[in-house]
2 protein chains.
Amino acid sequence: MTTEHTSIIAGVEQTTPDVVAATTAAAQAFSVYRATTPEQRAAFLESVATEIEADREAIIAAAAAESHLPEGRIAGEVGRTTGQLRMFADVVRVGDHLGVRIDPAQPDRAPLPRADIRQRMVPLGPVAVFGASNFPLAFSTAGGDTASALAAGCPVVVKGHPAHPRAGVLVARAVTLAVAAAGLPAGVFSFVLDEGIEVGQQLVTDPRITAVGFTGSRGGGLALVAAAAARPVPIPVYAEMSSINPVVVLPGAIASGAEDLAAAYVDSLTLGSGQFCTNPGLLFLPKGEEGDRFLAAAGRAVSAATGTQMLTSGIAEAYAAGTQRQAATEGVTVVATGQAGEGADAPAPQLVEAAAEQLDAVSDEVFGAAGVVVRYDSLEDLLPQLAELEGQLTATVQTAESDHADAARLIEVLELKVGRILFNGWPTGVEVGHAMVHGGPFPATSDGRTTSVGSLAIERFQRPVAYQDVPTAIQPAAIRDDNPWGLTRRVDGRLEA
Amino acid sequence: MTTEHTSIIAGVEQTTPDVVAATTAAAQAFSVYRATTPEQRAAFLESVATEIEADREAIIAAAAAESHLPEGRIAGEVGRTTGQLRMFADVVRVGDHLGVRIDPAQPDRAPLPRADIRQRMVPLGPVAVFGASNFPLAFSTAGGDTASALAAGCPVVVKGHPAHPRAGVLVARAVTLAVAAAGLPAGVFSFVLDEGIEVGQQLVTDPRITAVGFTGSRGGGLALVAAAAARPVPIPVYAEMSSINPVVVLPGAIASGAEDLAAAYVDSLTLGSGQFCTNPGLLFLPKGEEGDRFLAAAGRAVSAATGTQMLTSGIAEAYAAGTQRQAATEGVTVVATGQAGEGADAPAPQLVEAAAEQLDAVSDEVFGAAGVVVRYDSLEDLLPQLAELEGQLTATVQTAESDHADAARLIEVLELKVGRILFNGWPTGVEVGHAMVHGGPFPATSDGRTTSVGSLAIERFQRPVAYQDVPTAIQPAAIRDDNPWGLTRRVDGRLEA
């Protein structure tokens, strides 16, 4: 069979993306998988990383060919994916995500004695993960959603993205090998591949699925949210959907070096044809001479930039339509248009300037290298515009020390609007670490209380259970007084040293 | 004006429950309120407790008269309410809920340097809280939802329950006094009172409201969930809705003392006319002689029990209809009926036995002292029945040491089904502490990833924000290296001592 139509259902390769078989196997595997010790589960995650590395060359070749992204970028993504798996292995070994809390019995308390109450997190159950088009590895088959769900103790059924079927299958094979090597039930991981939306809808409405991870378009995410909410038993959907990632340039930042800053901005805007969730689609620039210099330099840089082939024809078409719509909007002028790349689906970058009154009309994400610049008079002018923006993944502030008073006020507005605030950098490039937030208020994501990148992401796939007066002999290991896993626990509200 | 129609909008008593005024004031108060230091916020929460105690006698008298609950029970609820506020003051001072994570910069990392990234939780914004009928204090105006939202830094608009308007207003006045005494903007707390559902719907769909806490019926909770999901910007709804709190009696538990256990069961079943979310509505009992003895004793205890006046006529009518429906179900036999109490709305407790095949037909919550007993042959017979139950707040296991092997298997099934598992006790009586979970999978609650009782409840009202390369001079205090609040932080994934 060709990998283009291969699904892997509980270890078995087949051409039918049999959702019921995959979810049934996942549900059956759940009790064994969630009972693994931290060491067993961590070793399994590391083994997934090792298996991916073992097929590294083939995976890079497939993903690069299918995504039209450069091999260097894909190689970096392999490292990110395996690093992410190893980070979650470390998280599992440390075990803080289990959130153990112990309120010991107080038999002599008056007027009533207090029972012994212990709390830990348990995994939700089988999780459906939808691979993203723009990160064929790090946000796909064994990407952040899969790694964090597996780390939490949840079996995973991946809906592979049809834009990179071969890369998806190769990674799925690597995960499958790791499942088998660990002696785990094969249902811990399945991979279904289909080009339509039916398989995805079937997955989200399957009664055995208990949560969903998704990275993609707003329309796709909202459809999954609606399907999940309409189930007899609704389930959480963690959909990372759309963001235009506002950048605020403060006056001090361009007082010297407007040209360098403009060049760095256009580098971020056009990186990978702008196909990043964190692409800086909107930039607020001071009015006046220095702002003019920045804009002129940005225009020159965009004019000199050349498009590269986008991920899919559909994405390139949506980009063309979106940039045309922006250019045709009243109050919007085109600052610069770059060069189309060779071949199909490599449209030119575009930079436009929009009047502040048109902000709403240009606030929908255009996925790709489409930049919008809005000029502002003063902070008083700017703050209400920022407050009116929809929820975003990131906001960037370009400052000098002379701007700090204004920047502090910006933080207060932006931290209610975005998942990550960054200073004097660019939002493209999302570090995988413990402090990262790749999330944000609706519609950046469907659930702003969490993140899809970084170790906090594991908390999406678990829920707390309290154990009251459960006899020591049959307590789960995580909550036992002898603490066999060496966990840091909260006793009577205080973390133990 | 009579308190029956009093709302308190940002400190002003009026007869119109003006939702827009309340939410507008809340939104305006948010920036000042969330900027309070841990000490300021903790002192404010303690002051709310103090103000409630200052009007303790009047509050108890009003709540007892309106709810028909005994004064002693209401007095206990005052203590629980003030204790809860003080617990959250302690939580705020400790500050672990801020979840501070720091991944320090690595300027020399290859191939790319790492930025300095810091994370903390920020409050969501104004929260709508719906008071519950059955706990006029602890789950109402200044109850657990309000206390945890205020602790998180969120202004609160309470929709008072029309079953106890005077108690609601008195408590709202106490909160209002504390807000003023702390010098906080009056919009930090408002209280709207109305007998219809319009005000509640208006509150949940108001664009300034960012989250909802609710304790009540399944119908009411699902209506709020639907309204919140249909907003242009959906918001989380934490609705605690319905539960029949299964009890499993294992053979050892009745091998000696079946009569005592039966009496304790009926005490829990009939406590407060059974008007608890955690009322043990369903009990699984072994077939055989000892089970027969337990059931006969439970029947005698129910026969001897007398109803007390329920919270409202509507609740009493729903109880009457529900118990009649249970009694009329094929395969269900009435074991015993108690005595109706004096006056209106004091229906008799009822105990029925249902064939296992009828489990589904008797699994809807009948709010009140309505017990269902189902007999089982063996654990193999029982486990699939438990697995088929809907999500529940609690499950109780009655055991002796001889049952431990079976009990361990029960835990594995029950922990995927409920929020709290308790052994050899009764589910009524929910300890307010750090390890408590008062929550559970749908439909026990609308969001099983959390709890509405205990200190973890604060996490419902916040979300993470990452700060990347933000200059030290303008970092929020929680994430600064000098750690002015003395927080325990996670640095590079490890909790600091």
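Please read these numbers as outputs of a predicted model, since none were measured by experiment.

## Side note on the overall build of chain A
Helices and strands together make up the secondary structure of chain A, namely 14 helices and 19 strands. Against the 2.2 N^0.38 benchmark of 23 Å for 497 residues, chain A shows a C-alpha radius of gyration of 24 Å, consistent with a compact globule. Overall, chain A is about 75 × 65 × 40 Å in size when its C-alpha atoms are taken along their principal axes. Long-range pairs, those at least 24 residues apart, make up 76% of the contacts in chain A between residues at least 6 apart in sequence.

## Topic: the environment of B:Thr450
All names here are of chain B. Checked against the element boundaries, threonine 450 lands in the loop between β16 (418–423) and β17 (462–468). The spatial distance from the C-alpha of threonine 450 to the C-alpha of valine 437 is 7.6 Å, given a sequence separation of 13 residues. Here threonine 450 is in contact with Tyr238, Gly439, Leu456, Ala457, Glu459 and Arg460, once residues within four sequence places are set aside.

## Details of the domain arrangement of chain A
Residues and elements named next belong to chain A. Looking at chain A, the domain boundaries give domain 1 (3–241 + 449–479) and domain 2 (247–423). Placing a centre on the C-alpha atoms of domain 1 and another on those of domain 2 gives a separation of 34 Å. Each partner contributes to the interface: domain 1 provides nine residues, whereas domain 2 provides 10 residues.

## Focus: unusual backbone geometry
Following A:Phe442, the chain continues into A:Pro443 via a peptide bond in cis, with omega recorded as 5 degrees. At A:Asn483, a residue that is not glycine, the phi angle is positive and equals roughly 45 degrees. Among the secondary structure elements, A:Asn483 is positioned in the loop between β17 (462–468) and β18 (490–491). By the C-beta count within 10 Å, which is 16 here, A:Asn483 ends up partly exposed. The phi torsion at B:Ser273 lies on the positive side, around 55 degrees, for a residue other than glycine.

## Examining the interface of chain B and chain A
At the interface, 60 residues of chain B touch 60 residues of chain A. Going through the elements one at a time, α4 (71–94), β3 (101–103), β4 (117–123), α14 (404–414), β16 and β17 of chain B are the ones with two or more residues in the side of chain B that touches chain A. No other element matches the six residues that β17(B) contributes to the side of chain B that touches chain A. Of the residues assigned to the side of chain B that touches chain A, the class counts are 31 nonpolar, 14 polar and 15 charged. With three bridges joining them, β17(A) and β16(B) adopt parallel strand pairing. By the bridge assignment, A:Ala466 is partnered in β16(B) with B:Arg420.

## Here's the deal with the nonpolar core
Counting 163 residues, the largest nonpolar core has B:Leu45 and B:Val212 as its most contacted members. If sequence neighbours within four positions are ignored, B:Leu45 has contacts with B:Leu85, B:Phe88, B:Ala89, B:Val92, B:Ala147, B:Leu150 and B:Ala151. Formed by 161 residues, the second largest nonpolar core is a distinct cluster that contains A:Leu170, A:Ile244, A:Val430 and B:Val100.

## Digging into the pairing of strand β13 (residues 350–354) of chain B
Residues in a regular strand project their side chains so that they alternate between the two faces of the sheet. Residues and elements named next belong to chain B. For β13, a buried count of five out of five residues is recorded, marking the element as mostly surrounded by other parts of the structure. The two faces of β13 match: Gln350, Val352 and Ala354 on one face and Leu351 and Glu353 on the other face are all buried. Two strands pair when backbone bridges link them, and strand β12 (residues 332–337) and β13 are joined in this way by five bridges, in the antiparallel orientation. Paired with alanine 336 across the two strands is leucine 351, which belongs to β13. Pairing between β13 and strand β14 (residues 370–376): five bridges, direction parallel.

## Description of the sheet that holds strand β10 (residues 247–249) of chain B
Working definition: the strands of a sheet are paired by backbone hydrogen bonds and lie parallel or antiparallel to each other. The strand order across the open sheet formed by 12 strands is β19(A)-β18(A)-β3(A)-β4(A)-β17(A)-β16(B)-β15(B)-β10(B)-β11(B)-β14(B)-β13(B)-β12(B), and the pairing between neighbours is mixed. Both edges of this open sheet fall to β19 (494–495) of chain A together with β12 of chain B, since each of them pairs with a single strand only.

## Considering the packing of helix α13 (residues 379–388) of chain B against α14(B)
All names here are of chain B. The interhelical angle for the contact between α13 and α14, taken along N-to-C directions, is 15 degrees, at an axis separation of 10 Å. Relative to α14, α13 is oriented roughly parallel. Considering only the axes of α13 and α14, their crossing is right-handed. Between α13, through Leu379, Leu383, Leu386 and Ala387, and α14, the contact on the second element is made entirely by Asp406, Arg409, Val413 and Leu414.

## Some points on the sheet that holds strand β11 (residues 282–286) of chain A
The sheet built from 12 strands is open, its strands ordered β12(A)-β13(A)-β14(A)-β11(A)-β10(A)-β15(A)-β16(A)-β17(B)-β4(B)-β3(B)-β18(B)-β19(B) with mixed pairing. The two strands at the open ends of the sheet, each matched to only one other strand, are β12 (332–337) of chain A together with β19 (494–495) of chain B. With five bridges connecting them, strand β15 (residues 392–398) of chain A and strand β16 (residues 418–423) of chain A associate as parallel partners. Bridge pairing in β16(A) places A:Val397 opposite A:Phe423.

## Points about the environment of B:Ala63
Residue and element names in this part refer to chain B. With respect to the element layout, alanine 63 can be found in helix α3 (residues 56–67). For alanine 63 and alanine 354, which are 291 residues apart along the polypeptide, the C-alpha to C-alpha distance reads 37 Å. Sequence-distant contacts of alanine 63, defined by excluding residues within four places in its chain, comprise Ile74, Pro136, Leu137, His164 and Ala167.

## Quick notes on helix α8 (residues 218–229) of chain A
Here α8(A) spans 16 Å end to end across 12 residues, near enough to the 16 Å set by a 1.5 Å rise per residue. Next to the buried residues of α8(A) lie α7 (198–205), β8 (211–215) and β9 (237–240) of chain A.

## A closer look at the environment of A:Val397
Residues and elements named next belong to chain A. If you trace the backbone, valine 397 turns up in strand β15. On the basis of neighbour count, valine 397 is assigned to the buried category, with 26 C-beta atoms found within 10 Å. For the pair valine 397 and valine 127, spaced 270 residues apart in sequence, the C-alpha separation works out to 36 Å. Once residues within four sequence positions are removed from consideration, valine 397 is found in contact with Val248, Leu250, Ala407, Leu410, Ile421 and Phe423.

## What about the pairing of strand β6 (residues 156–160) of chain B?
Residue and element names in this part refer to chain B. Burial of β6 is extensive: five of the five residues sit out of reach of the surface. Alternating residues of β6 divide into Val156, Val158 and Gly160 and Val157 and Lys159, and every residue in both groups is buried. The sheet contact formed by strand β5 (residues 127–130) and β6 spans four bridges and is parallel. By the bridge assignment, valine 129 is partnered in β6 with valine 158. Regarding topology, helix α5 (residues 144–152) serves as the crossover connection from β5 to the parallel β6, and that connection is right-handed. In this fold, the crossover linking β6 to strand β7 (residues 189–193) by way of helix α6 (residues 165–181) has right-handed handedness.

## Thoughts on the confidence of the model for chain A
Summary statistics for chain A give a mean pLDDT of 96 and a share of 99% for residues scoring 70 or more. Taken over the whole predicted complex, pTM reads 0.97, whereas the ipTM for its chain interfaces reads 0.97.

## Concerning the relation of the copies chain B and chain A
Laying chain B over chain A is done by rotating through 180 degrees and shifting 0.0 Å along the axis; what remains is an RMSD of 0.0 Å. Classification of the inter-copy transformation places it as that of a two-fold axis. Closest approach to the rotation axis among the C-alpha atoms of chain B is made by B:Ala497, whose C-alpha sits 3.0 Å away. Here 100% of the contact residues of chain B are again contact residues in chain A; the copies associate through an equivalent surface.

## So, the packing of helix α3 (residues 56–67) of chain A against helix α6 (residues 165–181) of chain A
Residues and elements named next belong to chain A. Orientation of α3 relative to α6, taken along the N-to-C sense of each, is 155 degrees, at an axis distance of 7 Å. One element, α3, and the other, α6, form an angle in the roughly antiparallel class. Crossing of α3 over α6 shows left-handed handedness. In contact with Ala58, Ile59, Ala62, Ala63 and Glu66 of α3, α6 contributes Arg166, Ala167, Leu170 and Val171. Split by residue class, the contact of α3 with α6 holds seven nonpolar, no polar and two charged.

## Looking at α6(B)
Given a rise of 1.5 Å per residue, 17 residues ought to cover 24 Å, and the 24 Å separating the end C-alpha atoms of α6(B) matches this to within 8%. Most of α6(B) is tucked away: 14 of the 17 residues are buried.

Cut-offs and rules
Residues numbered from 1 in each chain as written. Chains lettered and ligands numbered in written order. Predicted model: local features only at pLDDT ≥ 70, side-chain atom pairs only at ≥ 80, totals over all residues. Helix = DSSP H or I, 4+ residues; strand = E, 2+ residues; numbered from the N terminus. Rg over C-alpha atoms; globule rule 2.2 N^0.38 Å. Contact = placed C-beta atoms within 7 Å. Domains from an automatic or database assignment. Buried ≥ 20, exposed ≤ 12 C-beta atoms within 10 Å, placed from the backbone. Nonpolar A, V, L, I, M, F, W, Y, C, P; charged D, E, K, R; others polar. Pairing = 2+ DSSP bridges. Core = buried A, V, L, I, M, F, W, Y, C linked by C-beta atoms within 7 Å. Axes fitted to C-alpha atoms, helices over the stretch in contact; angles between N-to-C directions. Parallel < 35°, antiparallel > 145°, perpendicular 65-115°, else oblique. Left-handed = near helix turned anticlockwise from the far one by under 90°. Expected span 1.5 Å × (residues − 1). Right-handed = clockwise from strand over helix to strand, strands pointing away. pLDDT = per-residue confidence, 0-100. Least-squares fit on C-alpha atoms with pLDDT ≥ 70 in both.

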